[in-house]
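Take a look at the letters that make up each chain.
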Amino acid sequence: MKSTAHLFPEQARAALTDENLQAALRFAKGGFIDKRAAAVARYPDFETLRERGRRIKDHTLAHLDVYLERFAAAVEARGGHVHWAPDAAAARSILLDICRRAGARTVIKGKTMVGEEIGVNAALEEAGLEVVETDLGEYIIQLAKEPPSHIIAPAVHKTRAQICKLFAEHHGSPDTLREAPELVAEARRVLREKFLAADVGITGGNFLVAETGTVVLVTNEGNGDLCLTLPRVHVVLAGIEKLVPTLDDAATMVRLLVRSATGQDISTYTTFITGARRQDEADGPDEYHMVLLDNGRSRMLGDEFREMLRCIRCGSCLNHCPVYNAVGGHAYGWVYPGPMGSVLTPQIIGLDATKDLPNACTLNGRCQEICPVKIPLPDLLRRLRALQFERGLIRGPQCWALRLWGWLARRPALYHGLTALIARLSPRGAARRLPLDSGWTQSRDFPLPQRTTFQRAWSRQAKEERRHD
Ligand code: SF4
């Protein structure tokens, strides 16, 4: 997918005035947050589960080479084919090759964010194949020729009226506002024909179990199961960080994922895939392929952003982010939006091309508090900001202001003296204009310093408390 991440400010501004988008975001926001909170409250000890999840992922990442080899050997022992894709181009070429060998004309897909990451639809369509998304949200945005705007709810930016219009254009159905069940029934009728005609099915995988070679797929619509049982060839496309050592570990991660993503105790379908149909089985594909994508992940394994590889793509940090909830996913300009995207996207497509993403954050810390695998997203965003500064990607007044502040902050006596002086001399109230940061005061006032500094007020309060004790 072509990136427009460098246009974040313009895209965010447009998103704020898009009435349809704002209506859709308002409608979706509360549901995700409330359902997650209720599911977490129902679980006896979610904090312990989070800690266990973090440890499983950290252990796996520390021994990823061992677990990858074990997983690949288990898949091959069951007759599957394992393909290693160092980057997006290699993954596309592997998928194209599999489709060509199968003589495929129609490819159906379950939702896969890795598929979006490597641009699989465009590559297969360019080669003359018909590609059909079968997850309802993905199907809607495929009709609209748009990228997903949320990692688990790709069409969350669409209103029901917009979906009715799209279906009317593409299915020839009446262009009137209809209820969700009617729209689902219509999509199901259209997609059923595609399921039956498809030669190849491509799905993602939520977790890859090293000890058994099993792929765990978590869905709510059942389309994933049809993608992997009806076509002659099934391909799983997944990032190398999806490994867990054992089936027990996978069960822990599924518990975390479904509660954090959709607020369910268990998803409607949790499928364990172990390869092609065996001789004594009635259903399943003749061929089974596993494509394992690196695309920058092994580099992250060795650098300061390694913790991001714990991400299980639950989408919860998006739902709890005030910036995401104000501008939606498309403003971020690439596959992964919200806090997790602002850390991950620079790792995959480069910091130069994504310079506004690490700054699209208020650092309120809510994403870290709710992340099921305890990824310190605000810290990682701060590290990215520091890297931007070190690499000279921040220029102009902002750069000079940061340099000056950095110089002062390393001289505490001078810093405290100067801030106290500014606090004492500064006028009261709020500034309507800031000479070096007019962007801030375009839409809000800037509160001017109080008569004293925070540290002085704090120590005065502590002294008074001691006196009263
Ligand atoms: S960073 Fe955490 S909260 Fe965000 S998608 Fe990944 S696992 Fe979920």
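Scoring rules and cut-offs
- Sequence order as written defines the numbering, with residues in each chain counted from 1.
- Per-residue local features are limited, in this predicted model, to residues with pLDDT of at least 70; the limit for side-chain atom pairs, both in listing and counting, is 80 or more; totals at the level of whole chains, interfaces and linings are taken over all residues.
- By definition, any uninterrupted DSSP run of H or I lasting at least four residues is a helix, any uninterrupted run of E lasting at least two residues is a strand, and each is numbered from the N terminus.
- Only the C-alpha atoms count toward the radius of gyration. The rule for a globule is 2.2 Å times the residue count to the power 0.38.
- Any residue with 12 or fewer other C-beta atoms within 10 Å of its own C-beta is exposed, any with 20 or more is buried, and the rest are partly exposed; the C-beta atoms used are placed from the backbone.
- Here, residue contact means that the backbone-derived C-beta atoms of the two residues sit within 7 Å.
- For helices, the fitted line uses only the C-alpha atoms of the stretch in contact; every axis is such a line through C-alpha atoms, and the angle between N-to-C directions lies from 0 to 180 degrees.
- Any angle from 65 to 115 degrees is called roughly perpendicular, while one under 35 is roughly parallel, one over 145 is roughly antiparallel, and all others are oblique.
- Here a crossing is called left-handed whenever its near helix is offset anticlockwise from the far helix by less than a right angle, and right-handed whenever the offset is clockwise.
- Polar here means any residue outside two lists: the nonpolar Ala, Val, Leu, Ile, Met, Phe, Trp, Tyr, Cys and Pro, and the charged Asp, Glu, Lys and Arg; Gly therefore counts as polar.
- As annotated, the domain borders come from an automatic or database domain assignment.
- By convention the nonpolar core is taken to be a set of buried residues drawn from Ala, Val, Leu, Ile, Met, Phe, Trp, Tyr and Cys and joined through C-beta atoms within 7 Å.
- Near, as applied to residues and a molecule or strand, means the residue's backbone-placed C-beta atom lies within 6 Å of it.

### Thoughts on the overall build of the protein
Item 1. Along the backbone of the protein there are 22 helices and 12 strands.
Item 2. Relative to its length of 469 residues, the protein is compact, with a C-alpha radius of gyration of 25 Å against a globular reference of 23 Å.
Item 3. When each of the 469 residues of the protein is scored for burial, the buried share is 39%.
Item 4. The long-range share in the protein, meaning contacts at least 24 apart out of those at least 6 apart in sequence, stands at 75%.

### Here we look at the packing of helix H9 (residues 160–171) against helix H10 (residues 180–197)
Between two packed helices, the angle of one axis relative to the other and the distance separating the axes together describe the packing.
Item 1. Packing of H9 against H10 brings their axes to within 11 Å, and their N-to-C directions diverge by 30 degrees. Taken together, the axes of H9 and H10 lie roughly parallel to each other. In this structure, the crossing between H9 and H10 has a hand that is left-handed. On H10, the residues touching Arg-160, Ile-163, Cys-164, Phe-167 and His-171 of H9 are Ala-180, Leu-183, Glu-186 and Val-190.

### Some details on the packing of helix H3 (residues 46–62) against helix H12 (residues 247–261)
Item 1. In the contact formed by H3 and H12, the axes pass within 10 Å of each other and the chain directions differ by 125 degrees. The angle between the axes of H3 and H12 places the two elements in the oblique class. For the crossing formed where H3 meets H12, the hand is left-handed. Note on element contacts: H12 touches H3 through Asp-249, Thr-252, Met-253, Arg-255 and Leu-256, opposite Leu-49, Arg-50, Arg-52, Gly-53 and Ile-56.
Item 2. Within the contact of H3 with H12, the residues separate by chemical class into four nonpolar, two polar and four charged.

### Digging into the domain arrangement of the protein
Item 1. Taken domain by domain, the protein consists of domain 1 (5–298) and domain 2 (400–468).
Item 2. For domain 1 versus domain 2, the separation of C-alpha centres amounts to 48 Å.

### Details of the nonpolar core
Item 1. Counting residues in hydrophobic clusters, the biggest one holds 106 residues, and the most contacted among them are Val-291 and Leu-293.
Item 2. Setting aside its immediate chain neighbours within four residues, Val-291 contacts His-83, Ala-85, Ala-91, Ile-94, Leu-95, Val-235, Val-236 and Leu-237.

### Some remarks on the site of the ligand
Item 1. Taken together, 14 residues are adjacent to the ligand, and Cys-311, Cys-314, Cys-317, Met-340 and Cys-371 come closest.
Item 2. Looking at the shell around the ligand residue by residue, the classes come out as 10 nonpolar, three polar and one charged.

### Some points on the environment of Gly-338
Item 1. Inspection of the secondary structure puts Gly-338 in helix H16 (residues 338–349).
Item 2. Along the primary structure Gly-338 and Ala-127 are separated by 211 residues, whereas in three dimensions their C-alpha atoms are 33 Å apart.
Item 3. Leaving out residues up to four positions away in the same chain, Gly-338 has contacts with Cys-317, Leu-318, Cys-321 and Tyr-324.

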